[in-house]
Amino acid sequence: MSYKAGFLGLIGQPNAGKSTLMNFLVDEKVSIVSAKPQTTRRRILGMWTSDAGQVVFVDAPGLIKADKGLNAFLAKEAEEVIRNSDALLAVVSVDESKSDDAEKIINLVASSKKPWIGVVTKTDIEDKAHRVLILKKMIEDKGGKAISVSAKTYKGDLEEREAILIECLEILPVSPAPLYDTEMFTNENVRDMACEIIRERCFENLHQEVPYQIAVRIIKFDETGPLPKIYAEILVGRESQKAIVIGKGASVIKQIGMESRKEIEKLMDTKVFLDLKVQAKPEWFDNKRIMKELGYVTESED
Ligand SMILES: Nc1nc2c(ncn2[C@@H]2O[C@H](COP(=O)(O)OP(=O)(O)OP(=O)(O)O)[C@@H](O)[C@H]2O)c(=O)[nH]1
Ligand SMILES: [Mg+2]
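Scope of this entry: the structure provided in the associated data block. These numbers come from a predicted model, not from an experiment.

### A closer look at the nonpolar core
Looking at soluble globular proteins, one finds that nonpolar side chains tend to be buried together.
Consideration 1: Counting residues in each nonpolar core, the largest one holds 27 residues, and the members touching the most others are Leu8, Leu21, Val55, Phe57 and Leu89.
Consideration 2: Of all the elements in the fold, those that place two or more residues in this core are strand 1 (4-12), helix 1 (18-26), strand 2 (44-50), strand 3 (53-59), strand 4 (87-93), strand 5 (116-121) and helix 5 (158-170).
Consideration 3: Here this core gets 5 residues from one element, more than from any other, and that element is helix 1.
Consideration 4: Excluding its chain neighbours within four sequence positions, the residues that come into contact with Val55 are Gly6, Leu8, Gly46, Met47, Trp48, Leu165, Cys168, Leu169 and Leu172.

### Some details on the sheet that holds strand 7 (residues 215-222)
Consideration 1: Taken together, 3 strands build an open sheet; the order of strands is 7-8-9 and the sheet is mixed. Taken across any chain shown, the strands that pair with only one partner, and hence form the sheet edges, are strand 7 and strand 9 (273-280). On average, each strand axis in the sheet is tilted by 20° relative to the strand beside it, whichever way the strands run.
Consideration 2: Judged from the 8 bridges that link them, strand 8 (residues 229-236) and strand 9 form a sheet pairing that is parallel. The residue bridging Ala232 from the neighbouring strand is Leu276, located in strand 9.
Consideration 3: Contacting strand 7, strand 8 and strand 9, helix 6 (residues 190-205) crosses the sheet at an angle of about 135° to strand 7.
Consideration 4: Those strands touched by helix 8 (residues 251-268) are strand 7, strand 8 and strand 9, and its axis lies near 135° from that of strand 9.

### Thoughts on the pairing of strand 6 (residues 145-148)
Consideration 1: The pairing of strand 5 with strand 6 spans 4 bridges and is classified as parallel. Bridge pairing in strand 6 links Gly118 to Ala146.
Consideration 2: In the classification by handedness, the crossover that spans strand 5, the intervening helix 4 (residues 130-141) and the parallel strand 6 is right-handed.

### As for the coordination of the magnesium ion (ligand 2)
Consideration 1: The magnesium ion (ligand 2) binds to the protein through Ser19 (OG) and Thr40 (OG1), with metal-donor distances spanning 2.0 to 2.1 Å. Here Ser19, found in helix 1, pairs with Thr40, found in the loop between helix 1 and strand 2; they are 21 residues apart in sequence, far enough to count as distant.
Consideration 2: Taking the relative accessible area as the measure of exposure, Ser19 reaches 8% and is therefore buried.
Consideration 3: Given the relative accessible area of 7%, Thr40 is considered buried.

### Digging into the sheet that holds strand 6
Pairing between the strands of a sheet comes from backbone hydrogen bonds, and it takes one of two forms, parallel or antiparallel.
Consideration 1: Pairing in this open sheet of 6 strands is mixed, and the strands run 2-3-1-4-5-6 from one edge to the other. Lying at the two open borders of the sheet, with one neighbouring strand each, are strand 2 and strand 6. Mean inter-strand twist for the sheet, computed between neighbouring axes without regard to direction, equals 25°.

### Points about the state of the cysteines
Consideration 1: In total, this model carries 0 disulfides according to the counting rule given.
Consideration 2: Distance from the sulfur of Cys202, which forms no disulfide, to the nearest cysteine sulfur (Cys195) is 11 Å.

### As for the pattern of salt bridges
Consideration 1: Summed over all chains, the structure comprises 20 salt bridges.
Consideration 2: In this structure, Arg42 and Glu188 form a salt bridge, with 2.9 Å as the shortest nitrogen-oxygen distance. One end of the pair, Arg42, is in the loop between helix 1 and strand 2; the other, Glu188, is in the loop between helix 5 and helix 6, and 146 residues separate them in sequence. Glu188 matches Arg42 in its accessibility class, with the two residues each being buried.
Consideration 3: Salt bridges sharing common partners tie together Lys29, Glu200, Arg201 and Glu259.

About the criteria used
Residues numbered from 1 in each chain as written. Chains lettered and ligands numbered in written order. Predicted model: local features only at pLDDT ≥ 70, side-chain atom pairs only at ≥ 80, totals over all residues. Heavy atoms only, no water. Core = buried A, V, L, I, M, F, W, Y, C linked by side-chain atoms within 4.5 Å. Buried < 20%, exposed > 50% of the residue type's maximum accessible area, 1.4 Å probe, protein only. Helix = DSSP H or I, 4+ residues; strand = E, 2+ residues; numbered from the N terminus. Contact = heavy atoms within 4.5 Å. Pairing = 2+ DSSP bridges. Axes fitted to C-alpha atoms, helices over the stretch in contact; angles between N-to-C directions. Right-handed = clockwise from strand over helix to strand, strands pointing away. Donors = N, O, S within 2.8 Å, 3.2 Å for Na, K, Ca; no water. Disulfide = S-S within 2.5 Å. Salt bridge = Lys/Arg side-chain N within 4 Å of Asp/Glu carboxyl O.

Dropping the structure here:
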């Protein structure tokens, strides 16, 4: 078989399990995950390389419709992943909240004219088990190959994972060489991954609209000494949210800081010093300059 390589976009509703699926297939924690929808904000690449080729997964925000602020960015980002990928995975979950949510995704991917596979996720949710066959049939009726997987409870059946990866490789174009260095599993740098880890911990520890109006930026990343020192800032969209993020006696920010530090230490394989500050930037999501600085501007707008 000839060598294959290309970009494989993950398309699905918010919360369908796209990031969990990519992390599982790449076998690394590349993309952040949370129980709340709209966790992923910009495309994140995860690579898997073998002798037969290289799959470059493109994790995208869940598909939404919006024409303003951060949500408009999420909508455009997902559209660009559909447009720019060589092939697509339609990711549909057995616990989709509305019955036609999965159908919309399958129809959209099938009409993209790109090679695609439908992946039914969260098959471990027992009271939704009957949905697996329904969704697989929906995929096959649109001409796609259907795969089902539980990416979260997966217990190391390497053959099953490899089988999915080989299916993914098959729908990619023939390529003379890999697209990225074969040792790489992501093109994200440590700085950006640290920001995403802090944002993930904010999604875990904060509720209602607060996590959606948060952004994280690194102020200083000092790796000169034996202990890397990271100074980061959590931006909130309203003055009143500052007290919520800090919490009573700074309990919330301390918890976010401790959890983030542990994750960053795992990522960097060393102890780190992490300093978190909270800053209110009212309606930062309506400010073009700040949005651009945070990376929330699509390629087409740039
Ligand atoms: N039970 C079960 N839960 C899963 C599985 N895959 C993902 N989840 C959970 O579903 C939730 C959403 O997962 P994500 O991977 O963040 O979903 P996503 O599609 O990337 O979501 P957005 O980035 O918000 O669009 C998290 O709570 C995951 O733990 C699975 O196979 N089984
Ligand atoms: Mg995601």
